[in-house]
Amino acid sequence: MLSREDKVSISVQLRPIIKKMIALVAKPNICDMLPILAPLDVQGIRSKGKELSSEVDRIVASIIDKRRDKDDVVDDDDDEIEGKRSKDTNETKDFLQILLELKKQGEATSLTMAHIKNLFLALCKFDRDAIAGATDSTSINVEWAMAELMLHPGELRKAKEELDQVVGMNNIVEESHLSKLPYLDAVLKEAHRLHPVVPLLVPHRSSADCTVGGYTVPKGSTVFINVWKMHRDPNEWENPSDFIPERFLADSDNHDYKGNNFNYLPFGSGRRICVGIPLATKMALYVVASLLHSFEWEMLRNEQLELLDKYRILAKIATPLVITPTPRLPNAELYS
Ligand code: HEM
């Protein structure tokens, strides 16, 4: 999707700023509790946010400008690209190049430079390699699931038995196996329940006055949805603090990731539900399945695993999981 060169630029320049933005958004903001103070920006969060956001804009613009220069773009107008031509027409085009070429077609498309900048930024978000580390939600889910399995040898054994049956010992996990692993899928769902990666979702705004649970929520309020608490509500979940993947086997339709069951919303719900669900869930299942099927895992001796979280929009495990692998499959060639 993005060229190697762009990925490096994004990684070096954008990643630190995006990390700062995430830390800033996660910072408790007194104005969220007392909106009357919002215009004063008492903690300087809004002004710092604007500063970081113009920095992102500047970097994206410079990456695009560099590409236009490289591709021998003649820019007649500050905001218009004309006469752009790729020198090597056989070269595989990446997404940015295609956008710039479309823009060149002028009236044939209504693309503006602002559209290209925003699409490029959206692409950076989707390109896991480019800003991995800043948006590592899937790997956080994998780490929680592995940590829970290390603490629950019975559930670990069941997951491995399922893998051995479906994949066999003379094979490695392939994408085609994933739909045949209901137990492991339930393990990941249970990890999402106990450890939702985005525990307060992203802030929403009420579009009309409404009443929720007897409380009036005026139009325009910033609304945080405490999914962490909902996922542990004893009125909805039996033994809510226990790791029990089986609860997702009994009624898997009612506990999918689509956000229709309001007791279980690890990816949010409604119009702004996470668009990455198919990718995130398949990736996590594939990674955990491969790790469990190909290796035995052991915690370091005397290691005490504590499942406390560290919250900065995303809730990571506070003490990173350190476990050591040993090969499990009889055929060494499967590891090459
Ligand atoms: C375990 C992995 C992930 C989790 C737990 C997660 C969770 C979420 C949550 C909770 C939201 C906000 C939904 C709401 O407030 O209602 C969201 C939004 C979003 N996610 Fe994810 N996500 C994950 C992976 C991904 C991936 C892999 C991508 C991209 C391929 C992605 C792209 C997005 C986008 C673009 C939005 C904004 C959607 C919108 O506002 O319309 N996410 N995600």
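Residues numbered from 1 in each chain as written. Predicted model: local features only at pLDDT ≥ 70, side-chain atom pairs only at ≥ 80, totals over all residues.

For clarity, the threshold we go by: UniProt positions are given in the numbering used here, feature names are shortened, and annotations may be inferred rather than shown by experiment.
With an unreviewed UniProt entry as reference, the protein chain is termed Cytochrome P450, source organism Protea cynaroides. What UniProt states about the protein chain under its Cofactor (unreviewed entry) heading is, verbatim, "heme".

**Things to note about the packing of helix α8 (residues 153-166) against helix α12 (residues 277-294)**
Note the following rule: Comment: axis = line fitted to C-alpha atoms, over the contacting stretch for helices; angle = value between 0 and 180 degrees taken between N-to-C directions. By the criteria applied, helices consist of DSSP H or I runs no shorter than four residues and strands consist of E runs no shorter than two, each listed in order from the N terminus. Should an angle fall under 35 degrees it is taken as roughly parallel, and over 145 as roughly antiparallel, whereas 65 to 115 is taken as roughly perpendicular and any remaining angle as oblique. Throughout, a pair of residues is in contact if the C-beta atoms placed from their backbones lie within 7 Å.
Running from amino to carboxyl end, α8 crosses α12 at an angle of 90 degrees, the nearest separation of the two axes being 10 Å. In terms of axis orientation, α8 runs roughly perpendicular to α12. Contacts between α8 and α12 involve Ala159, Lys160 and Leu163 from the former and Ala289, Leu292 and His293 from the latter.

**Regarding the site of the ligand**
Our working definition: Residues are classed as near a molecule or strand if the C-beta position derived from their backbone is within 6 Å of it. When residues are sorted by character, Ala, Val, Leu, Ile, Met, Phe, Trp, Tyr, Cys and Pro go into the nonpolar class, Asp, Glu, Lys and Arg into the charged class, and all the rest, Gly among them, into the polar class.
If you check the shell around the ligand, you find 19 residues, and the closest are Ser137, Leu201, Gly268, Cys274 and Gly276. Mapped onto the shell around the ligand, the elements with two or more residues apiece are α7 (137-151) and α12. Here the shell around the ligand gets 3 residues from one element, more than from any other, and that element is α7. A class-by-class count of the residues in the shell around the ligand yields 12 nonpolar, 6 polar and 1 charged.

**Focus: the pairing of strand β10 (residues 323-327)**
Rule in force here: Burial in this document is a count-based property: other C-beta atoms within 10 Å of a residue's C-beta are tallied, and the residue is buried at 20 or more, exposed at 12 or fewer, or partly exposed in between, with C-beta positions derived from the backbone. Note on pairing: DSSP must find at least two bridges between two strands before they are called paired.
Within β10, only 0 of the 5 residues are buried, leaving the element largely exposed. As paired strands, strand β7 (residues 295-299) and β10 are joined by 5 bridges and run antiparallel to one another. If you follow Glu296 over to β10, its bridge partner there is Thr326.

**What about α12?**
Filter applied, for reference: A helix is expected to span 1.5 Å multiplied by its residue count minus one. Within this analysis, the arc is defined by the directions that extend from the helix axis to the C-beta atoms.
Its 18 residues place the ends of α12 25 Å apart at the C-alpha level, agreeing with the 26 Å of an ideal helix rising 1.5 Å per residue. For α12, the complete set of buried residues consists of Ala280, Thr281, Ala284, Leu285, Val288, Ala289, Leu292 and His293. Summarising the axial view, the buried residues of α12 lie within an arc of 165 degrees, below the 170-degree limit, and thus occupy one face. Residues of α12 that are buried make contact with α7, α8 and α9 (182-194).

**With respect to the nonpolar core**
Keep this limit in mind: By convention in this section, buried Ala, Val, Leu, Ile, Met, Phe, Trp, Tyr and Cys residues joined through C-beta atoms within 7 Å make up a nonpolar core.
Of all hydrophobic cores here, the largest spans 26 residues; its most connected members are Ala145, Leu184, Val187, Leu188, Val288 and Ala289. Elements with a contribution of two residues or more to this core: α7, α8, α9 and α12. Dropping the residues within four chain positions of it, Leu188 is found in contact with Asn141, Ala145, Ala284, Leu285 and Val288.

**Some thoughts on unusual backbone geometry**
Notably, Asp41 is not glycine yet its phi reads approximately 45 degrees, a positive angle. You can see Asp41 is positioned in the loop between α2 (30-33) and α3 (45-70). Residue classification places Asp41 among the partly exposed positions, given that 15 C-beta atoms sit within 10 Å.

**Side note on α8**
Every α-helical turn comprises 3.6 residues, leaving residues that sit three or four positions apart pointing alike. For α8, with 14 residues, the first-to-last C-alpha span of 20 Å sits near the 20 Å given by 1.5 Å per residue. The secondary structure elements touched by the buried residues of α8 are α7, α9 and α12. Following α8 by one or two positions, Gly168 has its phi on the positive side, about 80 degrees.

**A closer look at the UniProt feature "binding site: heme" (unreviewed entry) in the protein chain**
UniProt's feature table lists "binding site: heme" (unreviewed entry) at Cys274, given in the numbering used throughout. With respect to the element layout, Cys274 can be found in the loop between α11 (247-250) and α12. Residue classification places Cys274 among the buried positions, given that 21 C-beta atoms sit within 10 Å. Contact partners of Cys274, with chain neighbours within four places excluded, come to Phe267 and Gly268.

**Focus on the confidence of the model for the protein chain**
We apply this condition: Confidence scores here are pLDDT values: one per residue, from the predictor, ranging 0 to 100.
Summary statistics for the protein chain give a mean pLDDT of 83 and a share of 85% for residues scoring 70 or more. At the low end of the mean pLDDT range in the protein chain sits strand β2 (residues 80-82), at 40; at the high end sits α8, at 98. A low-confidence stretch, residues 128-134 stays under pLDDT 50, and its non-local contacts, those more than four residues away or across chains, total 17 contacts.

**Regarding the environment of Leu149**
Here Leu149 is to be found in helix α7. You can call Leu149 buried: it has 26 C-beta atoms within 10 Å. Separated by 137 residues in sequence, Leu149 and Val12 have C-alpha atoms that sit 35 Å apart. Discounting chain neighbours no more than four positions away, the residues touching Leu149 are Glu155, Leu156, Ala159 and Val187.

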